[in-house]
Amino acid sequence: MQPAATARSWSSPPQATEASPYAMPSPVQPASAKGTKETVKNALSRWGRKVGEATRKAEDLSRNTWQHLRTAPSIGEAAVGRIAQGTKVLAEGGRERIFRQAFSAPPDEQLRKSYACYLSTAAGPVMGVLYLSTARVAFCSDSPLSYEAGGGDRTEWSYYKVAIPLHRLRTASASASKLKPAEKFIQLVSVDKHEFWFMGFVNYDSAVAHLQEALSGFRNLQA
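The structure presented is a predicted model; accordingly, all values stated were derived computationally and were not measured.

Here is what the cut-offs are and how they apply
Residues numbered from 1 in each chain as written. Predicted model: local features only at pLDDT ≥ 70, side-chain atom pairs only at ≥ 80, totals over all residues. Heavy atoms only, no water. Helix = DSSP H or I, 4+ residues; strand = E, 2+ residues; numbered from the N terminus. Buried < 20%, exposed > 50% of the residue type's maximum accessible area, 1.4 Å probe, protein only. Areas by Shrake-Rupley, 256 points an atom, 1.4 Å probe, with all protein chains shown as cover. Contact = heavy atoms within 4.5 Å. pLDDT = per-residue confidence, 0-100. Salt bridge = Lys/Arg side-chain N within 4 Å of Asp/Glu carboxyl O. Pairing = 2+ DSSP bridges. Axes fitted to C-alpha atoms, helices over the stretch in contact; angles between N-to-C directions. Phe/Tyr/Trp six-rings, centres within 6.5 Å; stacked < 30°, edge-to-face > 60°. Lys NZ or Arg CZ within 6 Å of the ring centre and 35° of its normal. Core = buried A, V, L, I, M, F, W, Y, C linked by side-chain atoms within 4.5 Å.

Some remarks on the overall build of the chain
Scanning the chain from N- to C-terminus turns up four helices and nine strands. Listing the helices and strands of the chain from first to last along the sequence gives α-α-α-β-β-β-β-β-β-β-β-β-α. Looking at the chain residue by residue over its 223 residues, the buried ones come to 30%. Of the roughly 15200 Å² of accessible surface on the chain, a fraction of 56% belongs to carbon and sulfur atoms.

Structural notes on the side chain of Thr121
Note that Thr121 resides in the loop between β1 (111–119) and β2 (126–133). Not counting the four nearest positions on each side in its chain, Thr121 is found in contact with Val126 and Tyr160.

Some words on the confidence of the model for the chain
When pLDDT is averaged across the chain, the result is 74; 57% of the residues are at 70 or more. Every residue in residues 1–13 is under pLDDT 50, and counting partners more than four places away or in other chains gives one contact.

Overview of the pattern of salt bridges
Applying the stated criterion to the full structure yields four salt bridges. Across the pair Glu96 and Arg100 runs a salt bridge whose closest N-O atoms are separated by 3.2 Å. Of this pair, Glu96 and Arg100 both sit in helix α3 (residues 95–103), four residues apart, which is roughly one turn of that helix. The exposure class assigned to Arg100 is partly exposed, which follows from its relative accessible area of 22%.

Describing the sheet that holds β1
Overall, antiparallel pairing links the seven strands, which are arranged β6-β3-β2-β1-β9-β8-β7 in an open sheet. Looking at which strands have only one partner, the edges of the open sheet turn out to be β6 (161–165) and β7 (169–176). Strand-to-strand twist in this sheet, taken as the mean axis angle between neighbours without regard to direction, amounts to 30 degrees. As paired elements, β2 and strand β3 (residues 136–141) share five bridges and run antiparallel to each other. Each residue of the ladder has a partner; that of Leu132, found in β3, is Val137. Here α3 sits on the sheet in contact with β1, β2, β3 and β6, set at roughly 90 degrees to β3.

A word on the packing of aromatic side chains
As enumerated under the stated definition, the model contains seven aromatic pairs in all. Taking the centre distance of 5.6 Å and the plane angle of 40 degrees together, the rings of Phe99 and Phe103 count as tilted. Taken together, the residues span about one helical turn, with Phe99 and Phe103 both in helix α3 at a distance of four residues. Both residues of the pair, Phe99 and Phe103, belong to the buried class. Pairing Phe99 with Tyr131 gives two aromatic rings, centres 5.4 Å apart and planes at 40 degrees, and the pair type is tilted. Of this pair, Phe99 sits in helix α3 while Tyr131 sits in strand β2, and the two are 32 residues apart along the sequence. Tyr131 matches Phe99 in its accessibility class, with the two residues each being buried. The side chain of Lys161 reaches across the aromatic face of Phe103, ending 5.7 Å from its centre.

Some words on the environment of His194
Positionally, His194 belongs in the loop between β8 (184–190) and β9 (195–199). If near-sequence neighbours (up to four positions away) are discounted, His194 is found in contact with Leu188 and Val189.

A few points about the nonpolar core
Formed by 24 residues in total, the largest nonpolar core has its most connected members in Leu188 and Phe201. For this core, the elements supplying multiple residues, two or more each, are β1, β2, β3, β6, β7, β8 and α4 (204–222). If you tally residues by element for this core, the top one is α4, at seven residues. Ignoring anything within four residues of it in the chain, the contact list for Leu188 reads Val137, Ile164, Leu169, Thr171, Ala172, His194, Glu195, Phe196, Phe198 and Leu211.

Written out as structure tokens, the structure reads:
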């Protein structure tokens, strides 16, 4: 038997019986027109704020991604490099495993965050990943870089790595170019005054917040 096309008007709400133990009353309180309008207005207002926030985040991500790609000498090479890095992450079982292999991290050291970015060097920006763990801030290039060895007699290859223990990190500061505000940087300074500049973050604001939070939290633990 097909269900009725229109709703029925019950003389009383359905009650649980032996024949239908799953039925239960659920009374609905009458709502005023004014209350209904206010509810709709509030819901639309919350929805509008969420849409606005999501739009701003999408715009920031788009700008940061474009800035990340154009930081490299070649946008095409940067795009291919990011795809290759993503493939490597999948193939090797995630960023935490790559981090542990690259920096021989002990079992009690946990990776908190990782960010695609560039490290500024005298030879130009180096594309890689910045890792934030419970013990250090570290960077490893996406691919090996060539250098002259044996007095220039031969060329060898090596990953470009930097690792600063949190107890040796003095500051983590955010800055931007005065001429090109879209170019944003994070400066890390060690207690012995070594400086490292990172740029071209895809998630810049998150990187700044988590680095400063980690540094502040570590200092509070040491106090």
